[in-house]
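Residues per chain are reported as follows:
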Amino acid sequence: MSAKQDILNRIRSAQKQAGLADHVDVPREYQRKGTLNDDELREMLVDRLEDYKAEVHVTEESDLKKTLDTIVADRKCTDIRYAPGMNADLFDGLQARPDDEDADPRELDDADAVVTESLVSSAQTGTIVLQSDSRCGRRALTLVPDRHICIVRRDEIVYGIPEVISRMDPDKPATWISGPSATSDIELSRVEGVHGPRDLIVIIVK
């Protein structure tokens with residue numbers, strides 16, 4: 001008998017001794033969908049992201065390229081990689097190239113910034129979800145470099161986690177982002193950039 005089976009048998013035995021049934025129906029009465037409108041969802045997401053120390057820009061689709069150009073220029077980025085499925089016209093005039101998904105991930109450490117789209121975001125938790133695909137890029141693209149510029153569109157913002165899960169493909173790897181990468185030791189000394197970008201810039205397109 002395996003250790004796992006032994007543990008499960010002991011749990012079942014304890015349940016019987018306590019007079020509990022073998023099967024328990026788990027209540028699933030949690031909130032599955034939000035009731036906020038688009039503007040309220042966006043405002044909540046901005047508030048959460050800024051609270052997590054992310055830099056947030058809200059723009060129209062027509063001004064998206066101008067916003068991106070300004071962000072890149074302000075940071076003097078000369079080596080930009082972007083998810084290969086993104087519209088290349090967005091990067092006209094910039095020193096940018098699509099990510100080669102077959103390249104050594106360690107080469108991404110030299111990039112000044114990476115740019116990706118997003119799959120879905122939870123306004124309630126301030127969480128952006130990236131799914132491994134052509135728009136969000138491979139996982140290494142947003143975990144190795146020190147600066148991530150992420151584009152979030154209006155129809156990708158939902159209220160809570162149940163809605164987020166419903167939009168995800170369980171067969172594809174995903175990265176959940178709630179602000180720049182950070183951790184704290186036992187003395188609560190915050191260190192950023194430990195396991196992902198320390199500089200998260202979010203462009204929300206209305």
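Scroll up to find the structure this text is about.
Summary of the structure given here. Throughout, a residue's number is its position along its own chain's written sequence, starting from 1. Local features in this predicted model are restricted to residues whose pLDDT is 70 or higher, and side-chain atom pairs enter the listing and the counts only when it is 80 or higher, whereas totals over whole chains, interfaces and linings include all residues. Side-chain figures throughout are based on the complete set of non-hydrogen atoms in the structure, without hydrogens or water.

## Regarding the sheet that holds strand 9 (residues 174–177)
The strands making up a sheet are joined through hydrogen bonds of the backbone, oriented either antiparallel or parallel. Note the cut-off: DSSP bridges decide pairing: two strands pair if at least two such bridges lie between them. Elements are defined by DSSP. Helices are runs of H or I of four residues or more, strands are runs of E of two residues or more, and each kind is numbered from the N terminus.
The strand order across the open sheet formed by four strands is 8-5-6-9, and the pairing between neighbours is mixed. Of all the strands in the sheet, just strand 8 (157–158) and strand 9 have a single pairing partner and so form its edges. Here strand 5 (residues 120–122) runs beside strand 6 (residues 127–131); their pairing, made up of three bridges, is antiparallel. Pairing of Ser 121 across the sheet is with Ile 128, part of strand 6.

## Structural notes on the state of the cysteines
We apply this condition: Criterion for a disulfide: a pair of cysteine sulfur atoms at a distance within 2.5 Å. Under the scheme applied here, a residue whose accessible area is under 20% of the maximum for its type counts as buried, over 50% as exposed, and between as partly exposed, the area being computed with a 1.4 Å probe on protein chains only.
Using the criterion set out here, one finds zero disulfides in the structure. Left unpaired, Cys 77 is separated from the closest cysteine sulfur, that of Cys 150, by 15 Å. Cys 77 sits in the buried class, given a relative accessible area of 7%. With no disulfide of its own, Cys 136 lies 7.1 Å from the sulfur of Cys 150, the closest cysteine sulfur.

## Notes on the sheet that holds strand 7 (residues 147–153)
Rules: A fitted line through C-alpha atoms represents every axis, and for helices the fit uses only the stretch in contact; the resulting angles, taken between N-to-C directions, go from 0 to 180 degrees. We call two residues contacting when some pair of their heavy atoms lies within 4.5 Å.
Pairing in this open sheet of six strands is parallel, and the strands run 1-12-7-4-2-3 from one edge to the other. Lying at the two open borders of the sheet, with one neighbouring strand each, are strand 1 (55–59) and strand 3 (96–98). Across the sheet, the mean angle separating the axes of adjacent strands is 20° when strand polarity is ignored. Bridge analysis of strand 2 (residues 80–82) against strand 4 (residues 113–116) gives three bridges, and the strand direction is parallel. Among the inter-strand pairings, Arg 81 is bridged to a residue of strand 4, identified as Val 114. Taken strand by strand, helix 2 (residues 38–51) contacts strand 1, strand 7 and strand 12 (199–205), and its axis lies near 155° from that of strand 1. Docked against the sheet, helix 3 (residues 64–74) engages strand 1, strand 2, strand 4, strand 7 and strand 12, running at close to 165° with respect to strand 12.

## Re a negative patch on the surface
Convention followed: Only residues whose relative accessible area exceeds 30% and that form no salt bridge are eligible for patches; like-charged ones are grouped when within 9 Å, while nonpolar side chains (Val, Leu, Ile, Met, Phe, Trp, Tyr) are grouped when within 5 Å. Reported accessibility uses the Shrake-Rupley method at a 1.4 Å probe radius. Residues are deemed covered only where the shown protein chains occlude them. By convention in these notes, a salt bridge is any Lys or Arg side-chain nitrogen within 4 Å of a carboxyl oxygen on Asp or Glu. His is not counted, nor are the chain ends, whereas Lys and Arg count as positive and Asp and Glu as negative. The location of each charge is read from NZ of Lys, CZ of Arg, CG of Asp or CD of Glu.
Judged by side-chain charge, Asp 100, Glu 101, Asp 102, Glu 107, Asp 109 and Asp 110 come together as a negatively charged surface patch. Mapped onto the secondary structure, Asp 110 falls in the loop between strand 3 and strand 4. A relative accessible area of 57% means that Asp 110 is categorised as exposed.

## Structural notes on unusual backbone geometry
Positive phi, close to 75°, is recorded for Lys 53, a residue that is not glycine. Considering the arrangement of structural elements, one finds Lys 53 in the loop between helix 2 and strand 1. The class for Lys 53 is exposed, based on a relative accessible area of 53%.

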